[in-house]
Amino acid sequence: MPRMTFPFGPQHPVLPEAIQLKLTVEDERVVEVLPAIGYMHRGIEKAAEKNPYLNNVFLCERICGICSFIHGMAYCQTIEEIMKVEVPPRAEYLRVIWSELSRLHSHLLWLGLLADSFGFESLFMQCWRVREIVLDVLEMTTGQRVIQSTCVIGGVRRDIDAEQAARMREMLKTLKPQIDAVIPVFKHDYTIKSRTVGRGVLPKDQAWKLGAVGPTLRGSGGAWDARMTGYAAYDELGFEPMVETDGDSYARTLVRVRETYQAYELVLKALDRLPEGETKVKVKGFPNGEAAIRVEQPRGELFYYALGDGTSHLERLKVRTPTFVNIPALLTMLPGCEIADVPVIVLSIDPCMSCTER
Amino acid sequence: MPWMIPNIAKNLTGAPATRKYPFEKRPYFPGARGRLEVDFLTCTFCGLCERVCPAQAIKKIGDKKDPDVTMLYKPFACIYCARCAEVCKFGSIKIFEEHTAPADRKLTLGREGEPVDEEFLLNNGF
């Protein structure tokens, strides 16, 4: 059988966002993959240099629609580090609550998309229905469902009062049995296992070598999570990374399943321990200097670098997103698999192209 | 498959999982950021809202002391972050919970909330 090359994407029923993979196949087997990105480039890094630094929070939140809060928080932490701003403890806990809620809804969305990638439509609908409760909690506490816009430099803009906290606990209580009803399907269903077990294997040494991050690395046995560095209030809440050792699509699914429960527990824990006090400190002056920080997105480690020159506008803002570093890992997973498995394996790294291309 | 029976019974007799829109609308949470209302008649033209707006959706035209000074607001450029409503000390900008209704054209609103014509916008670079 001669070799044949054909494009997979940028428009494909399974891909949530635009990436093109040029697949070279021999019969039904993939032998070579070449990615092409750049379909969703928006020039956000450059736009951030044209905006006053305080307004960039809202711009950075728009890098990604799913983990928008974490992007905003990462930008705020970078500027706070340059300006040596001490964030009040209550704001740190509120940041953890909202980031973990973002993770919860991102993972539920991804579990639905995985089910959708091999045509399990009913499971997809169930996952997204469960996710609605998390979005409702976010809307109630922040004012918006997806782009929260609550994080600002020096703290957070909104507070969770006792009444809201009680309602939030009630809503989260109804969420738990619904997650419990959906998750066993991912753990025990024959269809899901047959499409994911042993497919797209990434060995641990390869994962480290290629710089894989997030659930892609943890699914291969690498115990690394940026939350272990203890930013925001993670050091006080106690945090253990979720690790699986098989390195296949199923292991990555299980990592996300376990992280869904972990995020749920962290939200409740942070809500219980929420300290009293201010939620915001006033920030004066302009950033002068540089800083780089790392935070954990649902897809992996997110890196922000900012350089300020003492004016109201930043000299440079650099964002490195997790999908960008996971693409090399994806390219080593794909050769050897069958064409029908390509969508599932591509989805198993949870690609977010709007993050990657900014 | 007997374990499916309770689920089937629940699905046949229970309420639907979705809302019957538009007859039944989703209730808004208090504090949701849905619709922005501008009333520049109480405005003192301090220009703070223009400075904090991350989307450049608000613009002051003219000088504060000018008699024909005015404010323009572009609802279609607005991202509803409500920072302007937060900084306005005179209650000229308020945020409401219900969402904006769909519109058939992109309008820019003037000082009294009236639509502004294209030529005026072009002349003022907004």
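Note that the coordinates shown come from a computational prediction; the quantities given were computed from them, not determined experimentally. (Residues numbered from 1 in each chain as written. Chains lettered and ligands numbered in written order. Predicted model: local features only at pLDDT ≥ 70, side-chain atom pairs only at ≥ 80, totals over all residues.)

Visitor: Run through the overall build of chain B, naming residues and quoting values.
Guide: Looking only at helices and strands, chain B features four helices and four strands. Counted from the first residue to the last, chain B has its helices and strands arranged as α-β-α-β-β-α-β-α. Taken over the C-alpha atoms alone, chain B extends approximately 80 × 30 × 25 Å along its principal axes. Counting only contacts in chain B whose residues sit at least 6 apart along the sequence, the fraction spanning at least 24 positions is 65%. (Helix = DSSP H or I, 4+ residues; strand = E, 2+ residues; numbered from the N terminus. Contact = placed C-beta atoms within 7 Å.)

Visitor: Help me get a handle on the overall build of chain A, residues and values and all.
Guide: From N to C terminus, chain A includes 14 helices and eight strands. Its C-alpha atoms give chain A a radius of gyration of 20 Å, within 12% of the compact-globule value 21 Å for 358 residues. The buried share among the 358 residues of chain A stands at 51%. Within chain A, contacts between residues at least 6 apart in sequence are counted, and of these 70% link residues at least 24 apart. (Rg over C-alpha atoms; globule rule 2.2 N^0.38 Å. Buried ≥ 20, exposed ≤ 12 C-beta atoms within 10 Å, placed from the backbone.)

Visitor: Kindly report on the sheet that holds strand β6 (residues 288–297) of chain A, identifying the contributing residues and their values.
Guide: Residue and element names in this part refer to chain A. Across the sheet, three strands lie side by side as β6-β7-β8; this open sheet has antiparallel pairing. Looking along the sheet, the strands with just one partner apiece sit at the ends: β6 and β8 (314–320). When strand polarity is set aside, the average angle formed by the axes of neighbouring strands in this sheet is 10°. Against the sheet, helix α3 (residues 68–83) touches β6 and β7 (300–309), its axis set at about 150° to β6. Helix-sheet contacts for helix α12 (residues 322–333) involve β6, β7 and β8, and the interaxial angle to β7 is about 130°. (Pairing = 2+ DSSP bridges. Axes fitted to C-alpha atoms, helices over the stretch in contact; angles between N-to-C directions.)

Visitor: I'd like a rundown of the sheet that holds strand β3 (residues 29–36) of chain A, residues and numbers included.
Guide: Sheet strands pair by backbone hydrogen bonding; their relative direction is either parallel or antiparallel. Residues and elements named next belong to chain A. If you walk across this open sheet you meet the three strands as β1-β2-β3, and the pairing is antiparallel. Since the sheet does not close on itself, it has two edges, and those belong to β1 (3–8) and β3, each with one partner. Neighbour to neighbour, the strand axes of the sheet diverge by 20° on average, direction disregarded. Taken together, the six bridges between β1 and strand β2 (residues 20–26) define a ladder with antiparallel strand orientation. The residue bridging F6 from the neighbouring strand is L23, located in β2.

Visitor: Could you give me a rundown of the interface of chain A and chain B, with the residues and numbers involved?
Guide: With 10 residues of chain A at the interface, the matching set in chain B holds eight residues. Elements that contribute at least two residues to the side of chain A that touches chain B include exactly α2 (56–61) and α5 (121–142) of chain A. The element contributing the most residues to the side of chain A that touches chain B is α5 of chain A, with three residues. Taken together, the residues of the side of chain A that touches chain B sort by class into three nonpolar, five polar and two charged. (Nonpolar A, V, L, I, M, F, W, Y, C, P; charged D, E, K, R; others polar.)

Visitor: Which residues make up the packing of helix α6 (residues 162–188) of chain A against helix α11 (residues 249–272) of chain A, and what values do they have?
Guide: When two helices pack together, their arrangement is given by the angle between their axes and by how far apart the axes lie. Residue and element names in this part refer to chain A. Where α6 contacts α11, the two axes come as close as 11 Å, and the packing angle between them is 165°. If you check the angle between α6 and α11, you find them roughly antiparallel. Between α6 and α11 lies a crossing of left-handed hand. On α11, the residues touching A165, M168, R169, L172, K176, I179, I183 and F186 of α6 are T253, V257, T260, Y264, V267, L268 and L271. Taken together, the residues of the contact of α6 with α11 sort by class into 11 nonpolar, two polar and two charged. (Parallel < 35°, antiparallel > 145°, perpendicular 65-115°, else oblique. Left-handed = near helix turned anticlockwise from the far one by under 90°.)

Visitor: Break down unusual backbone geometry for me, citing the residues and quoting the values.
Guide: The peptide bond linking Y21 of chain B to P22 of chain B adopts the cis configuration, its omega dihedral lying at 5°. For K84 of chain A, which is not glycine, the phi dihedral falls at a positive 55°. Relative to the elements of secondary structure, K84 of chain A occurs in the loop between α3 and α4 (89–117). Residues other than glycine seldom take positive phi values, yet Y80 of chain B does so here, at roughly 55°. Positionally, Y80 of chain B belongs in the loop between β3 (70–73) and α3 (83–87). Classification of Y80 of chain B as buried rests on a count of 21 C-beta atoms within 10 Å.

Visitor: I'd like to hear about the environment of T24 of chain A, residue by residue, with values.
Guide: Residue and element names in this part refer to chain A. If you trace the backbone, T24 turns up in strand β2. Along the sequence, T24 and S106 sit 82 residues apart, while their C-alpha atoms lie 32 Å from each other. Filtering out sequence-adjacent residues up to four positions away, T24 remains in contact with R3, T5, V31 and E32.

Visitor: Could you give an account of the environment of L268 of chain A, with specific residues and numbers?
Guide: Residue and element names in this part refer to chain A. Mapped onto the secondary structure, L268 falls in helix α11. Owing to 16 C-beta atoms within 10 Å, L268 belongs among the partly exposed residues under this scheme. Put simply, L268 and D27 are 241 residues apart on the chain and 51 Å apart in space, counted from C-alpha to C-alpha.

Visitor: With reference to specific residues and values, describe the confidence of the model for chain B.
Guide: For chain B, per-residue confidence averages 82 on the pLDDT scale, and residues scoring 70 or more make up 99% of the total. Predicted as a complex, the structure gets a pTM of 0.89 and an ipTM equal to 0.81. (pLDDT = per-residue confidence, 0-100.)

Visitor: Outline α6 of chain A, listing residues and values.
Guide: Here α6 of chain A is 27 residues long and its end C-alpha atoms lie 40 Å apart, about the 39 Å a rise of 1.5 Å per residue gives. Considering only its buried residues, α6 of chain A is in contact with α4, α5, α7 (190–196) and α11 of chain A. (Expected span 1.5 Å × (residues − 1).)

Visitor: How would you explain the environment of N124 of chain B if you had to name every residue and give the values?
Guide: Residue and element names in this part refer to chain B. Mapped onto the elements of the fold, N124 is located in helix α4 (residues 118–124). On the basis of neighbour count, N124 is assigned to the partly exposed category, with 13 C-beta atoms found within 10 Å. When the C-alpha atoms of N124 and K60 are compared, they prove to be 9.9 Å apart, with 64 residues separating the residues in sequence.

Visitor: Could you give an account of the packing of α3 of chain A against α4 of chain A, naming the residues involved and the relevant values?
Guide: All names here are of chain A. One can describe the packing of α3 onto α4 by two numbers: an axis separation of 8 Å at closest approach and a directional angle of 140°. Taken together, the residues of α4 that come into contact with α3 (itself represented by F69, I70 and M73) are R95, W98, S99 and S102. Its residues assigned to classes, the contact of α3 with α4 comprises four nonpolar, two polar and one charged.

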